[in-house]
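Breakdown of the fold
Listed below, chain by chain, are the residues.
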Amino acid sequence: MKSVFITGGTTGMGMELAKHYLSLGWKVGVCGRDRLKFEENFSLHRDNVDFYLVDVANREELQKAILNFSKTIGLDLLIANAGIGYKSKTRVPDFEYSYKMVHVNFLGVMYAFETALSIMIPRGTGHLVAISSIAGYNGLPGVSAYSATKAAVLKYCESLNLDMKQFNIDVTAICPGFVDTPLTQGNHHPMPFLMNAPKAAKLIARAIQKKKMVYAFPFFFSTLVRILSMLPRTCYRRLMNIKTLNYSKES
Ligand SMILES: NC(=O)c1ccc[n+]([C@@H]2O[C@H](COP(=O)([O-])OP(=O)(O)OC[C@H]3O[C@@H](n4cnc5c(N)ncnc54)[C@H](OP(=O)(O)O)[C@@H]3O)[C@@H](O)[C@H]2O)c1
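Figured I'd write up the structure that's included with this text. (Residues numbered from 1 in each chain as written. Predicted model: local features only at pLDDT ≥ 70, side-chain atom pairs only at ≥ 80, totals over all residues. Heavy atoms only, no water.)

Some points on helix α1 (residues 12-23)
- For α1, which comprises 12 residues, the first-to-last C-alpha distance of 17 Å matches the rise-based estimate of 16 Å (1.5 Å per residue) to within 8%.
- Among the 12 residues in α1, 9 count as buried, and that is most of the element.
- Within the span of α1, buried status applies to Gly12, Met13, Gly14, Met15, Glu16, Leu17, Ala18, Tyr21 and Leu22.
- With its phi angle positive at about 90°, Gly25 sits one or two positions after the end of α1. (Helix = DSSP H or I, 4+ residues; strand = E, 2+ residues; numbered from the N terminus. Expected span 1.5 Å × (residues − 1). Buried < 20%, exposed > 50% of the residue type's maximum accessible area, 1.4 Å probe, protein only.)

This is the structure we're talking about:
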């Protein structure tokens, strides 16, 4: 029986991915900081899923959970999905929260990959996946640290994809556009091409199965964003026309 460990699997895309793999008969481990959310959202699926109370910004906690899951269940696939976003856009960043974002969104991925690789390299098999974002392709106004952490995750995965080939380990970066989850439900800005979480999870699972290096979706929106990332930055700045952007909270 195959096994997957998903960080941040209590709500949103992580939860939908967990349910997808459960429906395929996989053993699933999910972690998060809130056991209640897990109990509510997995009340019908308790048999093949284990919950670990873990803050991914805590290297030791996360390492212990992944090692424990691997020892008792196995570890074919690891999905580093846990992440946090901004509640509102600001020109001057909230630096305390930005540091937290680096710890959760980027270091959380590194800690998970570090532990998974210590298991997968000796075995000579495995697949690592991280959820980046289309926000990682361009420095977006108002969400500086979020863009930066997602760019870091994307480049980290690209590098590791090349480095891990010789160990027979696949590495995939997923770059979603806007997906309807608790993370985006408080957003006041427009969210073009908003997709529901079960559909996003299906697309992500298909990209994982195909062992893609990078998968960005939805197609039209992500293509537009990738074209923007190729423009000279003076053109990008003009197109973004930052004076007209609305910030729900100015600081
Ligand atoms: N929704 C979008 O439009 C969108 C677009 C692009 C990328 N993404 C990325 O997709 C990933 C999943 O987000 P989502 O939209 O599904 O949001 P979500 O519903 O808020 O899910 C986030 C998950 O991460 C967990 N989490 C947050 N901080 C954590 C921490 N310090 N330690 C452990 N678990 C933590 C949460 O669980 P607990 O609350 O139980 O800790 C939750 O299970 C994130 O990396 C996000 O940046 C989202």
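Regarding a nonpolar patch on the surface
- There is a patch of nonpolar side chains on the surface, built from Phe193, Phe219, Phe220 and Leu224 and spanning about 470 Å² of accessible area.
- Structurally, Phe193 is set in the loop between β7 (179-180) and β8 (195-196).
- You can call Phe193 partly exposed: its relative accessible area is 44%. (Patch = residues over 30% accessible without salt bridge, like charges linked within 9 Å, V, L, I, M, F, W, Y side chains within 5 Å. Areas by Shrake-Rupley, 256 points an atom, 1.4 Å probe, with all protein chains shown as cover. Salt bridge = Lys/Arg side-chain N within 4 Å of Asp/Glu carboxyl O.)

Observations concerning helix α5 (residues 144-164)
- Taking 1.5 Å of rise per residue, the 21 residues of α5 would be expected to cover 30 Å, and the 30 Å separating its terminal C-alpha atoms lies within 8% of that figure.
- Those residues of α5 lying buried are Ala145, Tyr146, Ser147, Thr149, Lys150, Val153, Leu154, Cys157, Leu160, Asn161 and Met164.
- As for α5, its buried residues are in contact with α4 (95-123), β5 (126-131), β6 (169-176) and β9 (214-217). (Contact = heavy atoms within 4.5 Å.)

As for the pattern of salt bridges
- Summed over all chains, the structure comprises 4 salt bridges.
- For Lys155, the salt bridge goes to Glu158, with nearest N and O atoms at 3.0 Å. On the criterion of helical spacing, the pair formed by Lys155 and Glu158 is a turn pair, its members being 3 residues apart in helix α5.
- Across the pair Lys211 and Asp170 runs a salt bridge whose closest N-O atoms are separated by 3.5 Å. Highlighted residues: Lys211 in the loop between α6 (197-209) and β9 and Asp170 in strand β6, separated in sequence by 41 residues.
- Look at Lys211 and you get partly exposed, because its relative accessible area is 48%.
- The class for Asp170 is buried, based on a relative accessible area of 13%.
- Among the charged side chains, a salt-bridge network with shared partners connects Lys165, Asp170 and Lys211.

Some points on the site of the ligand
- As a matter of local geometry, the ligand sits amid 31 residues, with Thr10, Arg33, Lys37, Tyr146 and Thr181 nearest to it.
- Separating an oxygen atom of the ligand from a backbone N or O atom of Gly8 is a distance of 3.1 Å.
- Contacts to the ligand include Thr10, whose side-chain N or O atom sits 2.7 Å from an oxygen atom.
- Bound to the protein, the ligand loses 96% of the 880 Å² it would expose on its own.
- Those elements giving two or more residues to the shell around the ligand turn out to be α1 and α5. (Near = heavy atom within 4 Å. Polar contact = N/O pair within 3.5 Å; in protein donor to acceptor, adjacent residues only side chain to side chain.)

Description of the environment of Leu239
- Topologically, Leu239 is positioned in helix α8 (residues 233-240).
- For Leu239, a relative accessible area of 55% corresponds to the exposed category.
- As for Leu239 and Leu228, which are separated by 11 residues in sequence, their C-alpha atoms are 9.0 Å apart.
- In this structure, Leu239 is in contact with Leu228 and Leu231, ignoring residues within four places of it in sequence.

Let's talk about the pairing of strand β1 (residues 3-7)
- The element β1 is largely enclosed, with a buried count of 5 among its 5 residues.
- Alternating residues of β1 divide into Ser3, Phe5 and Thr7 and Val4 and Ile6, and every residue in both groups is buried.
- Each parallel crossover has a hand, and for β1 linked through α1 to strand β2 (residues 27-32) it is right-handed. (Right-handed = clockwise from strand over helix to strand, strands pointing away.)

A short note on the environment of Ile174
- Topologically, Ile174 is positioned in strand β6.
- Judged by relative accessible area, Ile174 falls into the buried class, the value being 0%.
- Each C-alpha atom of the pair Ile174 and Ala152 lies 13 Å from the other, and the pair is 22 residues apart in sequence.
- Ignoring anything within four residues of it in the chain, the contact list for Ile174 reads Val129, Ala130, Ile131, Ser132, Ser133, Ile204, Ala207, Tyr215 and Phe217.

Any functional reading would require information that these geometric values do not contain.
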